[in-house]
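Read off the chains here:
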Amino acid sequence: METTTQNIVIENIKNSKIDQVDFDNLAFGSVFTDHMLVCDYRNGAWEAPTIMPYQAISLEPSAKIFHYGQSIFEGMKAYKDADNNTFLFRPLDNHRRLNISAKRMAIPELPESLFMDGLKALIKLDEKWIPKKDGSALYIRPFMFASGKGFHASPADEYKFLICLAPSGAYFSGKVKVLIEEKYSRSANGGTGFAKAGGNYAGQFFPTQLAVEKGYNQVIWTDDHNHEFIEEAGAMNIFVRIDDTLITAPISDRILDGITRKSILQIAESEGIATEVRKFTVGEVVEAAENGRLKEMFGAGTAAVISPISTFGYRKVDHDLPEVQDSFASRLKKRIIDIQYNRVEDPFGWRHGI
Ligand code: PLP
Ligand code: COI
C-alpha cells in the first residue's frame, strides 16, 4: 500500500488480469481494468479516495440508490498516441457536467482536484490497459450514488464516488438504424434530461426494447409536448445535414450538453461548414429525405464517437440515407479522433496529457 501526494491510498492488485483480455476484439464496456477508485462522502465531506483492485462493493439494502435512484455518471475516454503518451479529452468539462448532474439530483458536488487527481492516478496505474488498436480506447466511467440508508424519501446522507475503466471498442457494430419516437418521452421541461442521471437511461430501456424488436438500434427522442421536434438519441446527440448545412438541436432542460456535440460544432465552424443550432422538426427532416436534400444524419457522443445513421424510421416508413462521398461525418470524425489520439495539432486546447 502507498499514498500519493494527493493523499490517495493505493492498494495494488497482486496479479493483473490483463493477459486474459483479447485487445483485438473488444466490445464496449464489458471488461474492466485491474483497479478502481472509490471515495466516500460522510459527515458532510468527501473523504480521501482509495484506489483498490476492481471488486464488488457492499451496500445496505436500504441504501437510497436502490429505492430512489439518486445516481449520476459520466463517460470519458483515455487515448494513446504512437509514442505511448496518454491523453484525455476535455476532462474538466466532464467534471463540470458531473457537478451539474449532482446538483440536480441533490447529490453533493465533487471538488475538481479530487476528480482530476483521482482520475489521473487511476489511469496511470492501469495505463497498460489503454488499447492501441484503431477505433478502441479506454472508456472511463466516473459515477456517484446514494449509499446512505433509510426509506425516507429524501436525499441520502452518504454517497460514493467511483471510477471504473473499461478498454472498449466501438459502441455500435455496423450500421445504425434509429426510430423516431412518437409515444414515449425521455425527458420534459423542468425534468432531469440535461443531467446524466441513471434514471434517464432506465426510462429509455423499455421504448428502446420495442424499437430493437422492430430492427432499430436506438430511439430518437422528440419533444415531450407534441413529439414534433427532434432532440437527441438514447446515448448521443443528433446532427442532420440538409443540403450543406449541419443542424443540431439547441441544448435545453431536456437534452444532454454533449462534449462531442459542442466540439463538432466548433470543428465544423473552423472548417467552414455551415452550422445551425436550432429547433428542427421531424416533418422538416422527412420532407428533406423525400426530396433528396437530407444528405446525412449522425449521432455524436463519447461512446458513439460519430456514428453515421443509415436509416431512420418514422410512422412505419423507413427512410434510407444516401451514401455520400467525403461526408461531413467522416471529415469531422477524422478531425476529432486525430486530435484525441494526438495525431494533429489541437488549436482548441482540448487534449489533456497525463
Ligand atoms: N446524449 C446522451 C443521452 C448521452 O448519454 C450522451 C453520452 O454521454 C451524449 C448525448 C453525448 O455526450 P458526450 O459527447 O459528452 O459523451
Ligand atoms: C457516453 O457516451 O459516454 C455515454 O455515457 C453513453 C452511454 C449510455 C454509453
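What you see is a predicted model; the values in this text were computed from it and never measured.

A. Examining the side chain of serine 71 more closely. Looking at the secondary structure, you find serine 71 in strand 6 (residues 71-73). Taking the relative accessible area as the measure of exposure, serine 71 reaches 18% and is therefore buried. With sequence-adjacent residues up to four places away left out, serine 71 is seen in contact with Ile65, Ile107, Met144, Phe145, Lys196, Ala197 and Gly198.

B. Broad picture of the domain arrangement of the chain. Each assigned domain of the chain is listed with its residue range as follows: domain 1 (2-168) and domain 2 (176-340). Its C-alpha centre places domain 1 at a distance of 28 Å from the equivalent point of domain 2. Between domain 1 and domain 2, the contact holds 20 residues from the first and 22 residues from the second. Applying the counting criterion to the domain 1 and domain 2 interface returns 1 salt bridge. Two residues, aspartate 93 and lysine 262, come together in a salt bridge whose shortest N-O distance is 2.8 Å. Connecting domain 1 to domain 2 are 10 residue pairs in polar contact (both at pLDDT 80 or more). Elements with a contribution of two residues or more to the side of domain 1 that touches domain 2: strand 6, strand 7 (76-80), strand 8 (86-89) and helix 2 (91-104). If one sorts the elements of the side of domain 1 that touches domain 2 by residue count, helix 2 sits on top with 6 residues.

C. Examining the site of ligand 1 more closely. Every one of the 17 residues lining ligand 1 counts as a neighbour, but Lys196, Tyr201, Glu232, Thr260 and Thr302 are closest to it. At 2.8 Å, a backbone N or O of isoleucine 259 approaches an oxygen atom of ligand 1. Within the complex, 97% of the 380 Å² of free accessible area of ligand 1 lies under protein. Where the shell around ligand 1 is concerned, the elements lending two or more residues are strand 13 (230-233), strand 14 (236-242), helix 5 (259-270) and strand 17 (294-301). Here the residues of the shell around ligand 1 sort into 7 nonpolar, 6 polar and 4 charged.

D. Looking closely at the UniProt feature "modified residue: N6-(pyridoxal phosphate)lysine" (unreviewed entry) in the chain. Sequence positions flagged by UniProt for "modified residue: N6-(pyridoxal phosphate)lysine" (unreviewed entry) are, in local numbering, Lys196. On the secondary structure map, lysine 196 appears in the loop between strand 11 (176-180) and helix 4 (198-213). Beyond its immediate chain neighbours, meaning those up to four positions away, lysine 196 contacts Ser71, Ile72, Phe73, Glu74, Gly75, Arg97, Ser101, Tyr201 and Leu256.

Conventions adopted
Residues numbered from 1 in each chain as written. Chains lettered and ligands numbered in written order. Predicted model: local features only at pLDDT ≥ 70, side-chain atom pairs only at ≥ 80, totals over all residues. Heavy atoms only, no water. Helix = DSSP H or I, 4+ residues; strand = E, 2+ residues; numbered from the N terminus. Buried < 20%, exposed > 50% of the residue type's maximum accessible area, 1.4 Å probe, protein only. Contact = heavy atoms within 4.5 Å. Domains from an automatic or database assignment. Salt bridge = Lys/Arg side-chain N within 4 Å of Asp/Glu carboxyl O. Polar contact = N/O pair within 3.5 Å; in protein donor to acceptor, adjacent residues only side chain to side chain. Near = heavy atom within 4 Å. Areas by Shrake-Rupley, 256 points an atom, 1.4 Å probe, with all protein chains shown as cover. Nonpolar A, V, L, I, M, F, W, Y, C, P; charged D, E, K, R; others polar. UniProt positions renumbered as here; feature names shortened; annotations may be inferred.

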